[in-house]
Amino acid sequence: MSSRFARRIVAGLLAALAAGAAWLSHEALSRAELVAPWASAIVYDRNGAFLTQIGETSKAAHGGYGYWPLAAIPQRVARATRALEDRRFYDHPGVDARALLRAAWRNLTSRGRREGASTIAMQVARMQTERPRTLAEKLMQAATAFAIVARHGHDATLAHYLRLAPYGLNGHGVGYAARFYFDRPVEDLSWAQAALLAAIPQSPGRMNITRASGLRLATARARHALARLEEEGALDAAQAALARVELDHMRPLDAKRRPETLHLALRYEALAREGLARPRADDDRRIQATIDMDVERDVLRLARRYLSNFRRRGARQVAVMVVERGTNAVIADVGSSDYSDPQAGAFDFTRVRRSPGSTLKPFIYALAFERGVLKTTDLVNDIPEGASGVSNADGLFLGPLTPRQALANSRNVPATNLLRRVGLEASFNFLRDLGLHDLETPAESFGISMAIGALPTRLEDVMRAYAALADDGLMRELAFTRDEARRPARRVLSLDSARLIASMLADPQARLPSFPRYGPLEYPFAVAVKTGTSQGYRDAWTIAFSHKFIVGVWLGRGDAGPMRAMTGVSSAARLAHAVLAKLHDAKPGDIAPETFAPPPDRIAIDLCRAGGAGDCAQTLREWVKPAEMRQAETLQLSPAQPPRMDDAPHSQTAGAAPLVIATPEHNTHIWRNPEQPARLNRLALKLAPSGAEAQIVWTIDGEPFATAQADETVFWPMTPGAHRIQARLALAPVASRAVKIVIE
């Protein structure tokens, strides 16, 4: 009975061992696939300076950076790694029995640091599936190492180790480490550099080669690798000596850090995950950005300086973008003054929708020119009559203006009236086509106020739209990387309209009187500039473009609270001016005799500026189509004296018919009927027939009231008191005799 029982015990043990071996074999084979985490990327600026690195953040991620695949095994790093980690790598099937016995004996017979016997294959098994380091797990790693080598071979196992191994600073893989530390392909590493990297995986935290203490430990181990390589004949005495000298002269490597403008790093992470920023190749995971980090730092410094000056007026945040004109390459991208700023610094205000103020006006004018609703020789009214409750920022009305003056002066009344003429739906859709919004709500939700800031948009969208304006009407996506695949450019404006609007925005004379000369809107080189201020001074904007760059600035508050009289021209324009001057390296007193290309197929004429005094000392250069010359002749500059608002008759331009007021008559007394509705208490203003086809400006007490054709009757709402009525030609020094009336 005892022998039978013993046999049963032995049989049971053998069965258990067989079952355990079968399970171990099955489990090892299931872990034998060579699996690597998502390969991260390193982003460099346009000049090759480190910008940021992009790691995987999913729940299934191993964490860290690197894991670059290798096109081929880099021999120097491979030999140095084998010399330190597994000298008999090609002589065993994944587990080195000799090394196991040697380590076991030394650990039993000596005290101190325990010796390990993990082979490269065993380390691959451990790095692929991180688990607690127990004896059972160690046995599983050994079994998995056998399975990995048996299935994939020694070379593939070694290559996979070089992809997974930790090389410090949370980085993995020798291809990544070579680029991160030495900025070169792993194949181009010297023997000293290869040995130094091979030393790090033993203790990546302690061997941090950006610190002096870590570099000392790593170089000591690297010398040990060089000695073994020389002993094996992998390099001769001269090569070994040269490598040791290089190690002796190494200094701690620069610790690469993300930029202060953390929003920029986050943008590139988002672009990479959206597939819009792609590495060069599978084994070269570099992304070359369009950003210039030197410019980025300069812009950040200027943004912080100007914001500090404006904080007393309630400003709390700033955003700036700089784009290269013609390519739409983003050179600088500052999303806030400081990501850690408690005043909403974590928001990237280049991507936050805010009220754009008047910055969309140029596109309303451009659409009007495109549709033939507006001509450069037309007059638009900046008067309270028909303004639908809209007022101007300065509370004034400038009367009849040319489109150039109305846009350059950023008058609200002409812009809203023009939007009404173009059409709410057409304007709303055009602004959507420009990428300024993606709303599906009815255009009536915003009404005519979308011309003056009611339609929220983002700084990056405004930059793209202005880039199309600067690029002769061609719309391109903003480019953040050099190798970015972008959609083809599409035309959103005609060459004629785009250049016409650019010329208006670049005309300092046309900005008078709203924006005085030689202020922040004027540059020593050609610049088209538009400012914007939202209701309640909640947002201040400026977009400016030169021949080389486009600069966009936003100032405001994260809580959308009001600032104190912070207009675009008094704040954002000053910062934009400083940025453009820095980009152009402009010095005080510099003057560049450059202009923007004029619209083709147009003729340049000089107009007497509306409201000018003297012998038309202030003129405007305008570009008209040949077909519009007949209308332009009534507006063209004449040597005659401009009209004075007094009682004396004035000389007429040669060839022009005299202006005579037929109604009302001079020195007339008129009584209003107080019981009559206000709409009926109006006085007809009419000229005597002259046969002229000219635009007339009617003035009441020296202030412009309305524009009309010479044969058109205008009705003025009567107000009590003595008044003086006069008619004059628009933009020409021709006026009627003033007619005095009294309203009782």
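Within each chain, residue numbers correspond to sequence positions counted from 1 in written order. The predicted nature of this model means local features are confined to residues of pLDDT at least 70 and side-chain atom pairs, given and counted, to a pLDDT of 80 or more, with totals for whole chains, interfaces and linings taken over all residues. As a convention, hydrogens and water are excluded, and side-chain values are obtained from all of the structure's heavy atoms.

## Observations concerning a negative patch on the surface
There is a patch of like negative charges on the surface, built from E187, D188, D282 and D283. Along the polypeptide, D283 turns up in the loop between α10 (262-273) and β5 (286-288). The patches reported here contain residues having more than 30% relative accessible area and no salt bridge. Joining distances are 9 Å for like charges and 5 Å for nonpolar side chains (Val, Leu, Ile, Met, Phe, Trp, Tyr). Method for areas: the Shrake-Rupley scheme with a 1.4 Å probe, in which residue coverage is limited to the protein chains shown. Here, a salt bridge means any Lys or Arg side-chain nitrogen found within 4 Å of an Asp or Glu carboxyl oxygen. Charged residues are defined here as Lys and Arg on the positive side and Asp and Glu on the negative side; His and the ends of the chain fall outside this count. Note on charges: their place is set at NZ of Lys, CZ of Arg, CG of Asp or CD of Glu. Helix numbering and strand numbering both begin at the N terminus, where a helix is a DSSP run of H or I of at least 4 residues and a strand a DSSP run of E of at least 2.

## Thoughts on the nonpolar core
Core analysis: the biggest nonpolar cluster contains 79 residues, and Y268, F363, L431, L469, I501 and F545 have the highest contact counts within it. Looking at this core element by element, the count peaks at 9 residues for helix α16 (residues 459-470). Ignoring sequence-local partners within four residues, the contact set of L469 consists of P362, F363, L493, A498, I501, L505 and F545. If you look at the next biggest cluster of nonpolar residues, it comprises 59 residues, including L164, A165, V174 and L215. Definition of nonpolar core: a set of buried residues of the types Ala, Val, Leu, Ile, Met, Phe, Trp, Tyr and Cys, connected through side-chain atoms within 4.5 Å. Categorising residues by exposure relies on relative accessible area from a 1.4 Å probe, with only protein chains included: less than 20% of the type maximum marks a residue as buried, more than 50% marks it as exposed, and the intermediate range marks it as partly exposed. Whether two residues are in contact is decided by their heavy atoms, any of which lying within 4.5 Å being enough.

## Considering the packing of aromatic side chains
The rule is short: rings of Phe, Tyr and Trp, with Trp giving its six-membered ring, pair when the centres are within 6.5 Å, and they are stacked under 30 degrees, edge-to-face over 60, tilted in between. As enumerated under the stated definition, the model contains 14 aromatic pairs in all. Measuring from centroid to centroid gives 5.7 Å for Y523 and F525, while their planes differ by 45 degrees, and the two rings are tilted. Accessibility assignment for this pair places Y523 and F525 in one class, buried. These aromatic residues form a ring-pair network of at least three members: Y44, F50, W68, Y176, F180 and Y181. Across from the ring centre of F180, 5.1 Å away, lies the NZ or CZ of K256, which sits over that ring. A positively charged side chain is recorded as over a ring if its NZ (Lys) or CZ (Arg) lies within 6 Å of the ring centre. The angle to the ring normal must also be within 35 degrees. It is R517 that lies over the ring of Y518; its NZ or CZ is 4.8 Å from the centre.

## Quick look at the confidence of the model for the chain
Reading predicted coordinates in detail is not appropriate for stretches of low pLDDT. On average, residues of the chain score 86 in pLDDT, and 85% of them are at 70 or above. Counting contacts from residues 610-614, a segment whose pLDDT is below 50, to residues more than four positions away or on other chains yields 8 contacts. Every residue gets a pLDDT, meaning the predictor's confidence in that residue, from 0 to 100. Low pLDDT, under 50, characterises residues 636-655; the predicted model gives this stretch 51 contacts beyond four residues in sequence or across chains.

## Structural notes on the sheet that holds strand β1 (residues 41-44)
One bridge is not enough; two strands pair if DSSP finds at least two bridges between them. Ordered by their spatial adjacency, 3 strands build an open sheet running β2-β1-β5, and the pairing between neighbours is mixed. The two strands at the open ends of the sheet, each matched to only one other strand, are β2 (50-54) and β5. Adjacent strand axes in the sheet meet at a mean angle of 25 degrees, parallel and antiparallel pairs treated alike. Sheet analysis places β1 next to β5, joined by 3 bridges and oriented parallel. When the bridges of β5 are listed, V43 appears paired with I287. Of the strands in this sheet, β1 and β2 touch α10, which is tilted by about 45 degrees from β2. Each axis is a line fitted through C-alpha atoms, taken for helices only over the stretch in contact, and angles between the N-to-C directions span 0 to 180 degrees.

## A look at the sheet that holds strand β17 (residues 661-663)
Strand pairing in a sheet takes place through backbone hydrogen bonds and is either antiparallel or parallel in direction. The strand order across the open sheet built from 3 strands is β17-β19-β22, with neighbouring strands paired in antiparallel fashion. The open sheet has two free edges, formed respectively by β17 and β22 (714-717), since each of these has just one partner strand. Pairs of neighbouring strands in the sheet enclose a mean axial angle of 35 degrees, with direction left out of account. Sheet topology note: the strand β19 (residues 682-687)/β22 ladder contains 4 bridges and is antiparallel. Bridging across to β22, A684 finds its partner in F715.

## A look at unusual backbone geometry
Cis geometry marks the peptide bond from L512 to P513, where omega comes out at 5 degrees. Among the secondary structure elements, P513 is positioned in the loop between α17 (495-505) and β12 (528-533). At Y67, a position not held by glycine, the phi torsion is positive, near 65 degrees. As for its position among the elements, Y67 is in the loop between β3 (65-66) and α2 (75-85). Positive phi outside glycine occurs at D601, with the angle close to 60 degrees. Mapped onto the secondary structure, D601 falls in the loop between α18 (568-583) and β15 (603-608).

## Describing the pairing of strand β24 (residues 739-743)
Two faces belong to every sheet, and in a regular strand the side chains alternate between them. Covered by surrounding structure in β24 are V739, I741 and I743 only, the residues K740 and V742 on the alternate face being uncovered. Both strand β23 (residues 721-729) and β24 contribute to a ladder of 5 bridges, which runs antiparallel. Looking across to β24, one finds that A722 is bridged to V742.

## Considerations on the packing of helix α11 (residues 293-310) against α18
Running from N to C, α11 and α18 cross one another at 150 degrees; their axes reach a closest spacing of 10 Å. Taken together, the axes of α11 and α18 are roughly antiparallel relative to one another. Here the hand of the crossing between α11 and α18 comes out right-handed. Across the interface between the two elements, V295, D298, V299, R301, L302, A303, Y306 and F310 from α11 touch S570, S571, R574, L575, A578, V579, K582 and L583 from α18. In these notes the angle categories are as follows: under 35 degrees is roughly parallel, over 145 is roughly antiparallel, 65 to 115 is roughly perpendicular, and the rest is oblique. What makes a crossing left-handed is the near helix being turned counterclockwise from the far one by less than a right angle; a clockwise turn instead makes it right-handed.

## A few points about the pattern of salt bridges
Considering all chains together, one arrives at 38 salt bridges under this definition. Across the pair R46 and E324 runs a salt bridge whose closest N-O atoms are separated by 3.7 Å. Within this pair, whereas R46 is found in the loop between β1 and β2, its partner E324 is found in strand β6 (residues 317-324), the two being separated by 278 residues in sequence. For R46, a relative accessible area of 17% translates into the label buried. A salt bridge links R354 to D539; its shortest N-O distance comes to 2.7 Å. Taken together, the residues R354 in the loop between β7 (329-334) and α12 (361-370) and D539 in strand β13 (residues 539-545) connect sequence positions 185 residues apart. Comparing R354 with D539, the two get one shared label, buried. Three or more residues are tied together by salt bridges with common partners; here these are R267, D333, D348, R351, R458, E460, D461 and R464.

## Topic: the environment of L300
In this structure, L300 sits in helix α11. Taking relative accessible area as the criterion, L300 reaches 4% and is therefore assigned buried. Once residues within four sequence positions are removed from consideration, L300 is found in contact with E260, T261, V334, S336 and S337.

## As for helix α14 (residues 412-422)
Most of α14 is tucked away, with 9 of its 11 residues classed as buried. All buried positions along α14 are accounted for by N412, V413, P414, A415, T416, N417, L418, L419 and V422. Where α14 is buried, its residues touch α12, β8 (380-382), α13 (403-408) and α15 (424-433).

## Comments concerning the side chain of S190
In this structure, S190 sits in the loop between α6 (174-182) and α7 (191-199). Relative accessible area serves as the criterion here: at 16%, S190 is assigned to the buried category. Not counting the four nearest positions on each side in its chain, S190 is found in contact with R76, R184 and E246.

## Overview of the environment of T377
Relative to the helices and strands, T377 is located in the loop between α12 and β8. Its relative accessible area of 1% is what places T377 among the buried residues. Between the C-alpha atoms of T377 and E628, which are 251 residues apart in sequence, the distance is 7.4 Å.

## Some words on the packing of α12 against α17
Relative to each other, α12 and α17 sit at 140 degrees, their axes nearing to 9 Å. On the basis of their axis angle, the class for α12 and α17 is oblique. Two packed elements cross with a definite hand, and for α12 against α17 that hand is right-handed. Mapping the contact onto sequence places P362, Y365, A366, F369 and E370 in α12 and S497, L500, I501, M504 and L505 in α17. Looking at side-chain class alone, the contact of α12 with α17 contains 8 nonpolar, 1 polar and 1 charged residues. All amino acids are sorted into three groups, where Ala, Val, Leu, Ile, Met, Phe, Trp, Tyr, Cys and Pro are nonpolar, Asp, Glu, Lys and Arg are charged, and the leftover types, Gly among them, are polar.

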